[in-house]
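Coordinates in review
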Amino acid sequence: MIVGAGGMGREAYGVIRLLNTIAKNAPPWRMLGFVDDYPTESNVEAVQRLGVAFLGPTRWLAAQPASTHVVLGVGHPRLRRETDQTIARYGLPAATVVHPAAEIGPDCVHQQGLFVAGGARVTTNVLLGRHVHLNQNCTVGHDSVLGDYVSVNPLAAVSGYCRLGDGVLVGTTAAILPKLTVGRDATVGAGACVTRDVPPGVVVTGVPARPAAGSAADARPVVMAAHRRQDEVDHPA
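Residues numbered from 1 in each chain as written. Predicted model: local features only at pLDDT ≥ 70, side-chain atom pairs only at ≥ 80, totals over all residues. Heavy atoms only, no water.

Moving on, we get to the overall build of the chain. Assigned secondary structure in the chain consists of 4 helices and 25 strands. Computed over the C-alpha atoms, the radius of gyration of the chain is 17 Å, within 12% of the 18 Å expected from 2.2 N^0.38 for a compact globule of 237 residues. When its C-alpha atoms are laid out on the principal axes, the chain stretches across 45 × 45 × 30 Å. Per-residue burial for the chain yields a buried fraction of 48% across its 237 residues. In the chain, 32% of the contacts between residues at least 6 apart in sequence involve partners at least 24 apart. Of the roughly 10700 Å² of accessible surface on the chain, 53% is carried by carbon and sulfur atoms. The averaged location of the 18 negative side-chain charges in the chain is 1 Å from the averaged location of its 20 positive side-chain charges. (Helix = DSSP H or I, 4+ residues; strand = E, 2+ residues; numbered from the N terminus. Rg over C-alpha atoms; globule rule 2.2 N^0.38 Å. Buried < 20%, exposed > 50% of the residue type's maximum accessible area, 1.4 Å probe, protein only. Contact = heavy atoms within 4.5 Å. Areas by Shrake-Rupley, 256 points an atom, 1.4 Å probe, with all protein chains shown as cover. Lys, Arg positive; Asp, Glu negative; His and termini not counted. Charge placed at Lys NZ, Arg CZ, Asp CG, Glu CD.)

Attention now goes to the environment of Val158. Counting through the fold element by element, Val158 comes out in strand E15 (residues 157–158). Put simply, Val158 and Leu146 are 12 residues apart on the chain and 9.7 Å apart in space, counted from C-alpha to C-alpha. Sequence-distant contacts of Val158, that is, excluding residues within four places in its chain, are made with Thr139, Val140, Gly141, Ser144, Val152, Leu164 and Ile176.

Now for unusual backbone geometry. Here Val207 and Pro208 are connected by a cis peptide whose omega angle stands at -10°. Relative to the assigned elements, Pro208 resides in the loop between strand E22 (203–205) and strand E23 (210–211). For Leu155, which is not glycine, the phi torsion reads 65° and is therefore positive. Relative to the elements of secondary structure, Leu155 occurs in the loop between strand E14 (151–152) and E15. The exposed category is assigned to Leu155, whose relative accessible area is 52%.

To continue, consider the sheet that holds strand E4 (residues 71–72). Judged by pairing direction, the sheet is parallel, and its 4 strands sit side by side in the order E3-E2-E1-E4 without closing on themselves. In this open sheet, the two edge strands, each paired with only one partner strand, are strand E3 (54–56) and E4. Judged from the 2 bridges that link them, strand E1 (residues 2–3) and strand E2 (residues 34–35) form a sheet pairing that is parallel. Looking at E2, one finds that Val3 is bridged to Val35. (Pairing = 2+ DSSP bridges.)

Before going further, it helps to spend a moment on the nonpolar core. Ranked by size, the top nonpolar core spans 33 residues in total, and within it Leu134, Leu146, Val152, Leu164, Val170, Ile176 and Val188 carry the most contacts. The residues touching Leu146, leaving out its near neighbours within four places in the chain, are Leu127, Leu128, Gly129, Val132, Leu134, Val140, Val152 and Leu164. In terms of nonpolar packing, the next biggest core, distinct from the first, is built from 16 residues, Ala12, Ile16, Leu19 and Val97 among them. (Core = buried A, V, L, I, M, F, W, Y, C linked by side-chain atoms within 4.5 Å.)

Of all residues in the chain, 90% attain a pLDDT of 70 or more, and the chain-wide mean is 91. Within the model, the stretch residues 217–237 combines pLDDT values under 50 with 56 contacts to residues more than four positions away or in other chains. (pLDDT = per-residue confidence, 0-100.)

With that settled, the discussion passes to the pattern of salt bridges. Under the definition given, this model contains 6 salt bridges. Among the salt bridges present, the one from Glu82 reaches Arg78, with a minimum N-O distance of 2.8 Å. Linking Glu82 with Arg78, this pair stays in helix H3 (residues 77–87), spanning 4 residues, or about one helical turn. Assessed through its relative accessible area of 31%, Glu82 is described here as partly exposed. (Salt bridge = Lys/Arg side-chain N within 4 Å of Asp/Glu carboxyl O.)

Right, here's the structure in full:
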């Protein structure tokens, strides 16, 4: 079951579909459908074009057996954390989904809910928290620790010995230099180069990365009034 009918959820379905296609024996996953408490009409239509059922709100999970696994298709780390807390009442395990073209090296340990897209690379001796998302062609260097709900966006590079706190968002093509710490719920903007530690909750942008004006507000997802939900916007990352 995928929670979230937006782009991240549909990308996750693409990986699951590929894993089922290349399986030598029985497909590893039987796809039940998507659920979303605040779906947009366009996202529901996109799900249906994929030939997958849109089942309704997350309360649909209540009737599922304990063997049903859940993928959180929610792009923004804070919203992913909130969604995980919301659906925890159903007690369903989180699926780990890794694209066959991704690479995870030796002695890498992860918690439930890991999603790794195609081309992503994790080298060695890396710790990954709950519901970490590693997007297309990003890299995570040796001996790094990524907390719960971290997102590393496409083509971003996390160097060796880095520490990323819970809920950190690393924007597209950003780079974090070795042995640096990025605090809880901080955001590294797209294309930024982090050369010093980033405090919790701060948005940094630029080369070298510096705190952005009004960063506390910029780190929050945009409220989409049309359907009264916080959308999966990762601006400025």
